Amino acid sequence: MASVSWRHALFFLVVVNLPVLTLACSSHYGNAIEEFCLIKFKLDMEVLDQQQWCSWEDTVESYGELTNCTFLVALKMNCFWPNRMVDEFFIRVHRHYFHDCALSGRLLHDPPNRILGPFIVVPILVTLLMTALVVWRSKRSEGIV
């Protein structure tokens, strides 16, 4: 019986104090990641041309630093990571910086000419060849009834 009541007491202690810990974390954590993490990320993104924002190669370092910063701030403030505030923070970041990007995360562009060329040239040649074949065949069959 003693162990059951000890477990209930521990459970009660955690349940009662968890919202207090989360509230304490959330009241300052959001401000901290805005001040310490987002400002550096904004400066890094301003250096890039806006067309480069969708290029993962150009933004991966800054984005990684932003992620690590939110983790380190949470660690210093004894907050859980990831948490609801981090999710909302990154949703805001994505809405502002990456809203025009492709879902794959990569900037879409045309394939190289060595790949694109055959897809253009082959149908043109086949069309010309078939036209020439039809014309040649129609001239040959005029004498045959």
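Quick caveat: nothing in here was measured; it's all calculated off a predicted structure. Numbers given for residues are sequential positions, taken from 1 along each chain in its written order. Side-chain atom pairs in this predicted model are given and counted only at pLDDT of 80 or more, local residue features only at pLDDT of at least 70, and totals for whole chains, interfaces and linings cover all residues. Computation of side-chain values covers all heavy atoms of the structure but excludes hydrogens and water.

J.: How should I be thinking about the overall build of the protein in this particular structure?
T.: For the purposes of this entry, the term helix denotes a DSSP run of H or I that reaches at least four residues, the term strand denotes a run of E that reaches at least two, and both are numbered from the N terminus. Looking only at helices and strands, one finds 4 helices and 0 strands in the protein. Along its sequence from the N terminus, the protein presents helices and strands in the succession α-α-α-α. Taken across its 145 residues, the protein has 22% of its residues classed as buried. What makes two residues a contact is simply this: any of their non-hydrogen atoms within 4.5 Å. By sequence separation, contacts in the protein at least 24 residues apart represent 71% of the contacts at least 6 residues apart. Note on areas: these come from Shrake-Rupley sampling with a 1.4 Å probe, and a residue is covered only by the protein chains present in the view. Split by element, the accessible area of the protein, about 11700 Å² in all, is 67% carbon and sulfur. The rule is simple: take the accessible area with a 1.4 Å probe, protein chains only, and divide by the maximum for that residue type; under 20% is buried, over 50% is exposed, in between is partly exposed.

J.: When you look at the UniProt feature "transmembrane region" (unreviewed entry) in the protein in this model, what are you seeing that I'm missing?
T.: UniProt positions are given in the numbering used here, feature names are shortened, and annotations may be inferred rather than shown by experiment. Here, UniProt's "transmembrane region" (unreviewed entry) annotation points to residues 115–136. Its end C-alpha atoms 33 Å apart, residues 115–136 is made of 100% helix and 0% strand.

J.: What am I meant to see in the confidence of the model for the protein here?
T.: When pLDDT drops low, the exact placement of atoms in the prediction is not to be read closely. Residues with a pLDDT of 70 or more make up 74% of the protein, whose mean pLDDT is 80. Below a pLDDT of 50 lies the segment residues 6–23, which in the model reaches 1 contact outside its immediate sequence neighbourhood of four places, other chains included. By definition, pLDDT measures how confident the predictor is in each residue, and it falls between 0 and 100.

J.: When you look at the pattern of salt bridges in this model, what are you seeing that I'm missing?
T.: Between side chains of opposite charge, a pair can form as their charged atoms come close. Only one rule defines a salt bridge in this text: a Lys or Arg side-chain nitrogen within 4 Å of an Asp or Glu carboxyl oxygen. Counted under the stated rule, the structure contains 4 salt bridges. For K40, the salt bridge goes to D44, with nearest N and O atoms at 2.9 Å. Residue K40 and its partner D44 are both found in helix α1 (residues 2–47); the two are separated by 4 residues, about one turn of the helix. Between K40 and E65 there is a salt bridge; the shortest N-O distance is 3.1 Å. Residue K40 is found in helix α1, and its partner E65 is found in helix α2 (residues 56–76); the two are separated by 25 residues along the sequence. A residue is classified by how much of its surface remains accessible, and E65, at 33% relative accessible area, is partly exposed. Connected through salt bridges with shared partners, the residues K40, D44 and E65 form a single ionic network.

J.: Just to check I follow, could you spell out the nonpolar core for this structure?
T.: Taken as a class, soluble globular proteins show a tendency for nonpolar side chains to be buried jointly. By size, the foremost hydrophobic cluster in this structure holds 25 residues, and its most contacted members are Y29, F41, V93 and F98. Those residues in contact with F98 that sit more than four places away from it in its chain are F41, M45, W53, T59, Y63 and V93. Residues belong to one nonpolar core when they are buried, are Ala, Val, Leu, Ile, Met, Phe, Trp, Tyr or Cys, and are joined through side-chain atoms within 4.5 Å.

J.: Please clarify how the state of the cysteines should be interpreted in this entry.
T.: Covalent bonding between the sulfur atoms of two cysteines defines a disulfide. Cysteine sulfurs are considered disulfide-paired once they come within 2.5 Å of each other. Enumeration over the complete set of coordinates arrives at 2 disulfides. The partner cysteine of C37 in its disulfide is C69, sulfur to sulfur 2.0 Å. With the S-S bond torsion at -80°, the cross-link from C37 to C69 turns out left-handed. Taken as a pair, C37 in helix α1 and C69 in helix α2 lie far apart in primary sequence, 32 residues in all. The same class applies to C37 as to C69, namely buried.

J.: Explanation requested: a nonpolar patch on the surface in the structure shown.
T.: Only residues whose relative accessible area exceeds 30% and that form no salt bridge enter a patch; like-charged residues are grouped when within 9 Å of one another, and nonpolar side chains (Val, Leu, Ile, Met, Phe, Trp, Tyr) when within 5 Å. A grouping of I120, V121, I124, L125 and L128 is seen on the molecular surface, where their side chains present a nonpolar patch of about 470 Å² in accessible area. Relative to the helices and strands, I120 resides in helix α4 (residues 113–140).

J.: Got a minute to help me understand unusual backbone geometry in this structure?
T.: Most peptide bonds take the trans form, and the phi angle of most residues other than glycine is negative. A cis amide bond links W81 to the next residue, P82, at an omega of -5°. Checked against the element boundaries, P82 lands in the loop between α2 and α3 (84–97). In this structure, N78 is a non-glycine residue whose phi angle is positive, near 55°. Along the chain, the position of N78 falls in the loop between α2 and α3.

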